[in-house]
Amino acid sequence: MYFDELPLDDDILDALDAMNFETCSPIQEKAIPPILEGKDIIGIAQTGTGKTAAYLLPVLNQLNSGDYPQDAINCIIMSPTRELAQQIDQQVEGFGYFIDGVSSVAVYGGNDGARFEQERKGLEHGASIIIATPGRLLSHLAGGHIDLKRVSFFILDEADRMLDMGFYDDIMKIVSYMSPERQTILFSATMPNEIQKLAKNILHDPVEIKIAVSKPAEKIKQTAYLCHDGMKDKIVESILSDETLDRVITFASSKQKVKELARAMKQKGFKVEAMHSDLDQKERDYVMHEFKNRRISILIATDIVSRGIDIDDIQLVINYDVPRDPEDYVHRIGRTARANRDGQAVTLVTQKDYHLLRRIEKLIEKEIDKPELPEGCGEKPTMHERKEGGRNNNRHGRYGKGNGHKPNNGKRNGHGNKQGDKPSNQQGEKPNNKQGNKPAHAHRNNHGNKPNNKQKVNNGSINDSASVN
Ligand code: AMP
């Protein structure tokens, strides 16, 4: 589903556009509509599934309606750790870039008195969204620096981790400062009894949303080769030269690439066939039949076969490129190590896709081994974590090509209370799109004609720093 199929304001769709977020992840598709309807939610989803946007987008959308008091804290987001609080805050800034009058402050423990003082001042100026760790929020509540009576949205992110850290009572205390009229959203990676108890106590008739991501089998030996684009064919050739391999699937993201790679490997003498959506059913059946019967040993395919094919003795899965959706990675490599056999998964990763690999590692909660390249394939390049603003293009060209800056760094109008940052001078630089200069979205909801230049551009998001830190 495309984001512009959801009833989100143009202010938000513009930010998503600028960040190159085009399609919803499954948790976003399921959670955004009921949150927009004002329902309480319990979402079972892990980091890496896009859960942050799943709750931030609809909440920001509601705050943008102007129906909420400007002089009150409208939303509290609880985070177990300071790192997550900072990541959420960055995402609020990105998604809220075109929204006027919504400001955020992150407050988290573990710092010195000066930091506490800064937070206190920020809170005094007022902020519509506060992202906080429980202990720190309680300290500010005890000091009388904040009033939660008019909070309309209460969000708990990684609730199971908060409970693991012993925050149950703190959370209940924080809740006691709020009005029962609020909308409550709880996200948790797991659903132990304590979470169920918490949910019962603080949620009202919640919609339950589950995103089941099965972790890859422990037995799969996962490797990533860091490389440049031009090295990929050579690496694949080198891997396939291992004569003990007779059951390999190589995934590539586009059918064009699948065709090219299959042609190249055939020329090198490998027993290869391509599988992609341009083949009709008869041709697909034929290719699968030949593969099953080992008349071909290497299948080169798009994600058409990543889910649901029933061949359980694949020895090796090669990801010629990194799948955009981390869950597709899990599905792709799930083709191997089935029925208790051993299996291997090798992923070729260029700098452009490095952030996607980091997202995968976050989702599977495991660092993937990154050895030197096979002999004769060249030197493994050094990869850089992409900082904020990895985008190098956007539809409206508002920010200049590749300026590398996230659409927002200081908060907007009035509040300017980003944790002691000097009042932002960004307003002068901020694209003035509020008064009639806004790009028309006539093309929205018309996917047949949607310009597909997005396919070519950097497919990361400006928040990639959030996923890799
Ligand atoms: P989360 O699970 O919220 O920690 O998100 C993981 C990463 O995915 C973050 O870097 C997000 O910025 C990114 N992300 C979330 N939703 C999308 C989407 N629909 N399209 C592209 N990137 C996304």
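Because the structure is predicted, anything quoted here is derived from the model rather than measured. (Residues numbered from 1 in each chain as written. Predicted model: local features only at pLDDT ≥ 70, side-chain atom pairs only at ≥ 80, totals over all residues. Heavy atoms only, no water.)

## Regarding the site of the ligand
So, point 1. What surrounds the ligand is a group of 15 residues, the closest being T23, Q28, G48, G50 and T52.
So, point 2. Between the ligand and Q28, the relevant distance is 2.8 Å, taken from a nitrogen atom to a side-chain nitrogen or oxygen of the residue.
So, point 3. In this structure, K51 approaches the ligand through a main-chain N or O atom, which is 3.3 Å from an oxygen atom.
So, point 4. The class makeup of the residues in the shell around the ligand is two nonpolar, 11 polar and two charged. (Near = heavy atom within 4 Å. Polar contact = N/O pair within 3.5 Å; in protein donor to acceptor, adjacent residues only side chain to side chain. Nonpolar A, V, L, I, M, F, W, Y, C, P; charged D, E, K, R; others polar.)

## Notes on the sheet that holds strand β3 (residues 104–107)
So, point 1. Taken in spatial order, the seven strands make up an open sheet running β3-β4-β2-β5-β6-β1-β7, and their pairing is parallel. Each having just a single partner strand, β3 and β7 (207–210) make up the two edges of the open sheet. Each neighbouring strand pair of the sheet contributes to a mean axis angle of 10°, computed without reference to strand direction.
So, point 2. Strand contacts of helix α5 (residues 113–125): β3 and β4 (129–132), with the helix running at about 150° to β3, the strand carrying the most contacts. (Pairing = 2+ DSSP bridges. Helix = DSSP H or I, 4+ residues; strand = E, 2+ residues; numbered from the N terminus. Axes fitted to C-alpha atoms, helices over the stretch in contact; angles between N-to-C directions. Contact = heavy atoms within 4.5 Å.)

## Examining the environment of K173
So, point 1. Inspection of the secondary structure assignment puts K173 in helix α8 (residues 168–176).
So, point 2. You can call K173 partly exposed: its relative accessible area is 46%.
So, point 3. Between the C-alpha atom of K173 and that of L138, which follows or precedes it by 35 residues, the distance is 8.1 Å. (Buried < 20%, exposed > 50% of the residue type's maximum accessible area, 1.4 Å probe, protein only.)

## Here's the deal with the sheet that holds strand β11 (residues 298–301)
So, point 1. Spatially, six strands are ordered β8-β13-β12-β9-β11-β10 in an open sheet, and the strand pairing comes out parallel. A strand with exactly one partner marks an edge of an open sheet, and here the two such strands are β8 (220–226) and β10 (272–275). Strand-to-strand twist in this sheet, taken as the mean axis angle between neighbours without regard to direction, amounts to 20°.
So, point 2. Sheet analysis places strand β12 (residues 316–319) next to strand β13 (residues 343–349), joined by four bridges and oriented parallel. By the bridge assignment, I318 is partnered in β13 with V346.
So, point 3. Sheet strands touched by helix α11 (residues 255–267): β9 (248–251), β10 and β11. Its angle to β10, the strand with the most contacts, is close to 175°.
So, point 4. The strands touched by helix α13 (residues 326–333) are β8, β9, β12 and β13; relative to β12, the strand with the most contacts, the crossing angle is about 150°.

## Looking at unusual backbone geometry
So, point 1. Phi is positive for D205, which is not a glycine, with a value near 45°.
So, point 2. You can see D205 is positioned in the loop between α9 (193–202) and β7.
So, point 3. Looking at D205, the relative accessible area reads 64%, which means it is exposed.
So, point 4. For R294, which is not glycine, the phi dihedral falls at a positive 60°.
So, point 5. By the secondary structure assignment, R294 is in the loop between α12 (281–292) and β11.

## A closer look at the confidence of the model for the chain
Low-confidence regions, as indicated by low pLDDT, have predicted coordinates that should not be scrutinised in detail.
So, point 1. Averaged over every residue, the pLDDT of the chain is 80; residues scoring 70 or more account for 79%.
So, point 2. Of all secondary-structure elements in the chain, the lowest mean pLDDT belongs to helix α16 (residues 464–468), at 26, while strand β5 (residues 153–156) reaches the highest, 98. (pLDDT = per-residue confidence, 0-100.)

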